[in-house]
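Fold and contact review
Each chain, letter by letter, is given below.
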Amino acid sequence: ELEEKIKMTGFKVFEIRFWNFIGVLPYFLQKIFRLNLDSVRYSEEKSKTSKSINSILDCWFRFFENNFKLPIGLSLIAVGEKFTYQKL
């Protein structure tokens, strides 16, 4: 569906892939157990724990997620190019 909508706007689609595989499990656990994790996700506290978690996630995304196409994820990423037609 996304690819068709992108093409309808005049883009050529090069790639569509899932992203944020690592967030799938926490997302479903939050939905199943009706947890409210907003206070954890949006905390302004810069603790050692949150810095460590961010460093781990940075490595995960940089070295794994950005280099492999995974079958599921929380987001879709599309890469395309806008076609412009020129009269000869």
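Residues numbered from 1 in each chain as written. Predicted model: local features only at pLDDT ≥ 70, side-chain atom pairs only at ≥ 80, totals over all residues. Heavy atoms only, no water.

Considerations on the overall build of the protein
Of the regular secondary structure elements, the protein holds four helices and two strands. Listing every helix and strand of the protein by position from the N terminus yields α-β-α-α-α-β. Sequence-distant contacts, at least 24 apart, represent 88% of the contacts inside the protein between residues at least 6 apart. Looking at the protein as shown, the accessible area adds up to about 7,900 Å², and 60% of this sits on carbon and sulfur atoms. (Helix = DSSP H or I, 4+ residues; strand = E, 2+ residues; numbered from the N terminus. Contact = heavy atoms within 4.5 Å. Areas by Shrake-Rupley, 256 points an atom, 1.4 Å probe, with all protein chains shown as cover.)

Comments concerning unusual backbone geometry
Even without glycine at this site, N20 takes up a positive phi of about 75°. Its location among the elements puts N20 in the loop between β1 (11–19) and α2 (24–33). Looking at N20, the relative accessible area reads 18%, which means it is buried. (Buried < 20%, exposed > 50% of the residue type's maximum accessible area, 1.4 Å probe, protein only.)

Points about the side chain of E65
Within the element layout of this structure, E65 appears in helix α4 (residues 48–65). Buried and unpaired, E65 has no salt bridge, with R17 as the nearest side chain of opposite charge at 5.7 Å. Not counting the four nearest positions on each side in its chain, E65 is found in contact with R17, W19, N20, F21, I22, W60 and L70. (Lys, Arg positive; Asp, Glu negative; His and termini not counted. Salt bridge = Lys/Arg side-chain N within 4 Å of Asp/Glu carboxyl O.)

So, the packing of aromatic side chains
In total, this model carries four aromatic pairs according to the counting rule given. With a centroid separation of 4.5 Å and an interplanar angle of 40°, the aromatic rings of W60 and F64 are classed as tilted. Of this pair, W60 and F64 both sit in helix α4, four residues apart, which is roughly one turn of that helix. Pairing F64 with F68 gives two aromatic rings, centres 5.1 Å apart and planes at 40°, and the pair type is tilted. Among the residues examined, F68 registers a relative accessible area of 43% and is labelled partly exposed. (Phe/Tyr/Trp six-rings, centres within 6.5 Å; stacked < 30°, edge-to-face > 60°.)

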